[in-house]
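# Report on the structure
The primary structure of each chain is shown beneath.
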Amino acid sequence: QVQLVESGGGLVRTGGSLRLSCAASGDTICLSKMGWYRQSPVKERELVADITSNGVTYYTDSVKGRFTISRDNAKNTLYLQLNSLKPEDTAVYYCNARLDLLQRSCATLPDMSWGKGTQVTVSS
């Protein structure tokens, strides 16, 4: 199986920055597209950004120009750089991944599950 552990959240002022990390372990050869999600008591979980194995990125409109997603495949780590933070960005941030189901061994792995996430709080 693949395990993902988020870190790097914290409390910052409006306009501040944070860098989130997602460390992967286990059957990391099965990792395909990876992404960051966020969820708050007043908002359903949403996809913030994702990145393919080859580095093609996607961002939801509300974070374009402010957040940057990247991955270091050699270190099995996913990152999210959050700049120009706003109170609306306050949420628990989770990382998740798709598995490469074209690989026989990967298709037999348990489904990915949501971890604990990391809290990002932006004060106004």
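In the block above lies the structure referred to throughout.
Here we summarise the structure given alongside this text. As a convention, each chain's residues are numbered from 1 in the sequence order in which they are written. Totals for whole chains, interfaces and linings use every residue, but because this is a predicted model, local features are given only for residues with pLDDT of at least 70 and side-chain atom pairs only at 80 or more, for both listing and counting. Side-chain calculation: all heavy atoms of the structure are included, whereas hydrogens and water are not.

What counts as a salt bridge is simple: a side-chain nitrogen of Lys or Arg found within 4 Å of a carboxyl oxygen of Asp or Glu. Applying the stated criterion across every chain yields a total of five salt bridges. One salt bridge in this structure joins Glu 46 and Arg 38, with 2.8 Å as the shortest N-O distance. Only protein chains enter the accessibility calculation, which uses a 1.4 Å probe. A residue is then buried if its area is under 20% of the maximum for its type, exposed if over 50%, and partly exposed in between. Of the residues examined, Glu 46 reaches a relative accessible area of 22% and is grouped as partly exposed. Across the salt bridge formed by Lys 43 and Glu 46, the nearest N and O atoms sit 3.0 Å from each other. Each of Arg 38, Lys 43, Glu 46, Arg 66 and Asp 89 takes part in one network of salt bridges that share partners.

This part is about the sheet that holds strand β10 (residues 118–123). Reading across from one edge, β2-β10-β9-β4-β5-β6 is the order of the six strands in this open sheet, with mixed pairing throughout. Of all the strands in the sheet, just β2 (10–13) and β6 (57–59) have a single pairing partner and so form its edges. Mean inter-strand twist for the sheet, computed between neighbouring axes without regard to direction, equals 30°. Note that strand β9 (residues 91–99) and β10 share three bridges and pair antiparallel. Looking at β10, one finds that Tyr 93 is bridged to Thr 118. In this scheme, strands are said to pair when DSSP sees at least two bridges between them. Only DSSP runs of H or I covering at least 4 residues are called helices, and only runs of E covering at least 2 are called strands; the numbering of each starts at the N terminus. Angles here are taken between N-to-C directions and fall from 0 to 180 degrees, while the axes themselves are lines fitted to C-alpha atoms, restricted in helices to the stretch in contact.

Turning to the side chain of Arg 71, a few remarks are in order. Inspection of the secondary structure assignment puts Arg 71 in strand β7 (residues 67–72). Looking at Arg 71, its side chain comes within polar contact range of the main-chain oxygen of Ile 51, at 3.3 Å. Pairs of N or O atoms are called polar contacts if they sit within 3.5 Å, as long as, within protein, a hydrogen donor faces a hydrogen acceptor (for residues adjacent in sequence, only side-chain-to-side-chain pairs). Here the side chain of Arg 71 touches Thr 52 through a polar contact of 3.2 Å, landing on its backbone oxygen. What Arg 71 contacts, discounting residues up to four positions off in sequence, is Leu 31, Ser 32, Lys 33, Met 34, Ile 51, Thr 52, Ser 53, Thr 77 and Leu 78. The contact criterion used is simple: two residues touch if any of their non-hydrogen atoms lie within 4.5 Å.

This brings us to the pairing of strand β5 (residues 43–51). In this structure, strand β4 (residues 31–40) lies alongside β5, joined through six bridges in antiparallel fashion. Of the residues in β5, the one forming a bridge with Gly 35 is Asp 50. A loop of two residues connects β4 with β5, the two strands running antiparallel in sequence. As judged from the three bridges shared by β5 and β6, these two strands associate in the antiparallel manner.

On the basis of which strands lie adjacent, the open sheet formed by four strands has the order β1-β3-β8-β7 and antiparallel pairing. Here the strands that pair on one side only, and so sit at the sheet edges, are β1 (2–7) and β7. Going from strand to strand, the sheet's axes swing by 15° on average, the running direction of each strand aside. One ladder, built from six bridges, connects strand β3 (residues 18–26) with strand β8 (residues 77–82); its direction is antiparallel. Considered in β8, the bridge of Cys 22 is made with Leu 78.

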